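What follows is each chain in one-letter form.
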Amino acid sequence: LSCPSCSNITVLPAEGTPPVDKALQLVVDAWRDKMKVPQQNGDASPVGEAPICGFCEEKEATRRCLQCDGILCEDCEKSLHSKGIFKSHTVVDLGDS
């Protein structure tokens, strides 16, 4: 299993993937709800409501990072997500998969 952020490889046990930490899943779900981050299964913000940038939390999100699975506005993509550890990430239009 390859980490989407750092590309480190984790060897899974022969029995398959470990069980999901339910407490951690609740935290992730709550954060996604608050940030209006689409679920990996394709769920999006309520109809008619534009998603908000997960970085500045002010502007409409128009872009999505494939590695972070986070959504961001164009300004944050240019100023934050193009530097440091994020510069190797692939950012696409929000509607693209």
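Whatever comes next refers back to the structure up there.
Residues numbered from 1 in each chain as written. Predicted model: local features only at pLDDT ≥ 70, side-chain atom pairs only at ≥ 80, totals over all residues. Heavy atoms only, no water.

Student: Outline the pattern of salt bridges, listing residues and values.
Tutor: Overall, the coordinates contain four salt bridges when judged by the stated rule. Between Asp-93 and Arg-63 there is a salt bridge whose closest N-O contact spans 2.7 Å. Highlighted residues: Asp-93 in strand β3 (residues 91–93) and Arg-63 in strand β1 (residues 63–65), separated in sequence by 30 residues. Overall, Asp-93 belongs to the partly exposed group, its relative accessible area being 41%. You can call Arg-63 buried: its relative accessible area is 16%. Here Asp-69 and Arg-64 are joined by a salt bridge, their closest N and O atoms 3.6 Å apart. (Salt bridge = Lys/Arg side-chain N within 4 Å of Asp/Glu carboxyl O. Helix = DSSP H or I, 4+ residues; strand = E, 2+ residues; numbered from the N terminus. Buried < 20%, exposed > 50% of the residue type's maximum accessible area, 1.4 Å probe, protein only.)

Student: Quick rundown of the sheet that holds β1? Include the residues and the values.
Tutor: As summarised here, the arrangement of the three strands in space is β2-β1-β3, forming an open sheet in which the pairing is antiparallel. Looking along the sheet, the strands with just one partner apiece sit at the ends: β2 (71–72) and β3. Bridge analysis of β1 against β2 gives two bridges, and the strand direction is antiparallel. Paired with Arg-64 across the bridge in β2 is Ile-71. (Pairing = 2+ DSSP bridges.)

Student: Let's hear about unusual backbone geometry: which residues, and what values?
Tutor: We note that Glu-57 has phi near 60°; this positive angle belongs to a residue other than glycine. Within the element layout of this structure, Glu-57 appears in the loop between α1 (22–35) and β1. A residue is classified by how much of its surface remains accessible, and Glu-57, at 46% relative accessible area, is partly exposed. In the Ramachandran plot, Asp-69 falls in the positive-phi region, its phi being about 60° despite a non-glycine side chain. As for its placement among the helices and strands, Asp-69 is situated in the loop between β1 and β2. The class for Asp-69 is buried, based on a relative accessible area of 12%.

These figures come from the coordinates and say nothing about function on their own.
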